[in-house]
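Structural description and commentary
Read off the chains here:
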Amino acid sequence: MKVLVPVKRVVDYNVKVRVKSDQSGVDIANVKMSMNPFDEIAVEEATRLKEKGVATEVIAVSCGVVQSQETLRTAMAIGADRAALVQTDVELQPLAVAKLLKAVVDKEQPQLVILGKQAIDDDANQTGQMLAALLGWSQATFASKVEVSGDTATVTREIDGGLETLSIKLPAIITTDLRLNEPRYVTLPNIMKAKKKQLDVYTPEDLGVDVAPRLKTLKVAEPPARSAGIVVPDVATLVEKLKNEAKVI
Ligand code: AMP
């Protein structure tokens, strides 16, 4: 069984991004970029499925600029066998990514696609669901546990009321939640090995997909600055201020 893992290159989660002065977006020039954390969890899960003998091959795929090759090399250092980059400088929106991934799925014929539940840059949380719809496949989102047996995946999901367990028929789409696993550290020997693994490069045109944006960002703004707090001498003053100044009780 082949497993496909889409990975996105995003601003590293430790970076505090700044809004560009023209409010057209955030400034990502010269900031550290890394693999989307939920995608690292997806690569780890696919690698564990391979180690258990459930998966036969793990293929990482990224859509975006040429530097996404670094992200794919990291995926291969974690455990992916090979990788594919759909290279474009166009800023990709989730529907375009889902269409590109559908084209890669048609080519590779995996039984399982494991994506992150969301990319931490745009927080869209759409690509996995759109891909499932385009393919007409079952989907189980926000997985915190995955077991695959035969042509069925049993997926536990964290929902508001507790844990929900779904049984879905393969081929299927799964998206990862934070508690699914803890990705391993990539070791130097594995980084070296990853450099020799196969990395194919396509363009959206090769795959026959139009990636032109459908949505227009009108404005990106910083959140309003919080005003300073005060220290109250006692509970009575606190209650008085909540009642008469903040008017929240
Ligand atoms: P999103 O819908 O943008 O929040 O992204 C959800 C998931 O879709 C990510 O965690 C990735 O697994 C996948 N994804 C999104 N954008 C890309 C991309 N440009 N290349 C590869 N995978 C992507």
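Look up: the structure comes first, before these words.
Residues numbered from 1 in each chain as written. Predicted model: local features only at pLDDT ≥ 70, side-chain atom pairs only at ≥ 80, totals over all residues. Heavy atoms only, no water.

**Quick word on the pattern of salt bridges**
On inspection of all chains with the given rule, the structure shows 17 salt bridges. Two residues, Asp177 and Lys117, come together in a salt bridge whose shortest N-O distance is 3.2 Å. Here the residue Asp177 occupies a position in the loop between strand 10 (172–176) and helix 5 (188–195), and Lys117 occupies one in the loop between strand 6 (112–116) and helix 4 (127–135), the gap between them amounting to 60 residues. Owing to a relative accessible area of 8%, Asp177 belongs among the buried residues under this scheme. Note that Lys169 and Asp151 form a salt bridge whose closest N and O atoms lie 3.9 Å from each other. (Salt bridge = Lys/Arg side-chain N within 4 Å of Asp/Glu carboxyl O. Helix = DSSP H or I, 4+ residues; strand = E, 2+ residues; numbered from the N terminus. Buried < 20%, exposed > 50% of the residue type's maximum accessible area, 1.4 Å probe, protein only.)

**Details of the site of the ligand**
Looking at the ligand, there are 17 residues lining it, with Asp39, Cys63, Ala119, Asn125 and Thr127 nearest. Between Asp39 and the ligand, the recorded distance is 2.5 Å, taken from a side-chain N or O atom to an oxygen atom. Note that an oxygen atom of the ligand is positioned 2.8 Å from one of the backbone N or O atoms of Asn125. Mapped onto the shell around the ligand, the elements with two or more residues apiece are strand 4 (57–64) and strand 6. When residues in the shell around the ligand are grouped by element, the largest group, three residues, is from strand 4. (Near = heavy atom within 4 Å. Polar contact = N/O pair within 3.5 Å; in protein donor to acceptor, adjacent residues only side chain to side chain.)

Limitation: the analysis is restricted to geometry and does not speak to function.
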